[in-house]
Amino acid sequence: KCPTCRGAIGSTAPSYAMRNIIDALPVSCAHAPRGCEEKVKRGDLETHAATCSFAEGTCTHAGCGATVLRRDLKAHVAKCEWGLVMCRCGERVPRGKLEKHKAEECMKRMVECETCGTKRKAEASEEHGSGTARIGR
């Protein structure tokens, strides 16, 4: 019904002229609370949201799952504790577990033979003798 005269309105088809006017209105980005100051046309809002640097992104490293602003994602991924790094032994281990790997698991770490006390790389300890070795200090 017409809000003025309460008469029947003849068509319920969308008004393309009105839609164009509305789509041209400037609106704030949905990520304004996170800092985005962009004012975009309502019709371009979806395109902007797909590339907005204040949208959230998720870390790509298995085991992490951190959610950070898209603009900070590259820096996070570069220093993420779950990012794989190459150890001197050739094994790829998460950055946050590298020191433990080097001290306890790395085949290039120095170990001391329990029998004779000589220090060798862990990879050579089995060739040396009984294969029993303890981590060198």
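The sections below set out a description of the structure shown in this document. (Residues numbered from 1 in each chain as written. Predicted model: local features only at pLDDT ≥ 70, side-chain atom pairs only at ≥ 80, totals over all residues. Heavy atoms only, no water.)

**Points about a nonpolar patch on the surface**
Okay, so step 1: A cluster of nonpolar side chains, namely Met-18, Ile-21, Ile-22 and Leu-25, defines an oily patch on the protein surface of about 360 Å² accessible area.
Okay, so step 2: Relative to the elements of secondary structure, Ile-22 occurs in helix H1 (residues 16-23). (Patch = residues over 30% accessible without salt bridge, like charges linked within 9 Å, V, L, I, M, F, W, Y side chains within 5 Å. Areas by Shrake-Rupley, 256 points an atom, 1.4 Å probe, with all protein chains shown as cover. Salt bridge = Lys/Arg side-chain N within 4 Å of Asp/Glu carboxyl O. Helix = DSSP H or I, 4+ residues; strand = E, 2+ residues; numbered from the N terminus.)

**Overview of the state of the cysteines**
Okay, so step 1: Applying the stated rule across the entire model yields 0 disulfides.
Okay, so step 2: Counting only cysteine sulfurs, Cys-52 is the nearest neighbor of Cys-29, a cysteine outside any disulfide, at a range of 3.8 Å.
Okay, so step 3: The thiol sulfur of Cys-59 is not disulfide-bonded, and the nearest other cysteine sulfur, from Cys-64, lies at 3.8 Å. (Disulfide = S-S within 2.5 Å.)

**Let's talk about the pattern of salt bridges**
Okay, so step 1: With the rule as written, the count across this model stands at 3 salt bridges.
Okay, so step 2: Residue Asp-23 is joined to Arg-42 by a salt bridge in which the shortest nitrogen-to-oxygen separation is 2.7 Å. Of this pair, Asp-23 sits in helix H1 while Arg-42 is found in the loop between strand E2 (39-41) and helix H2 (45-51), placing the two residues 19 residues apart along the sequence.
Okay, so step 3: Of the residues examined, Arg-42 reaches a relative accessible area of 45% and is grouped as partly exposed. (Buried < 20%, exposed > 50% of the residue type's maximum accessible area, 1.4 Å probe, protein only.)

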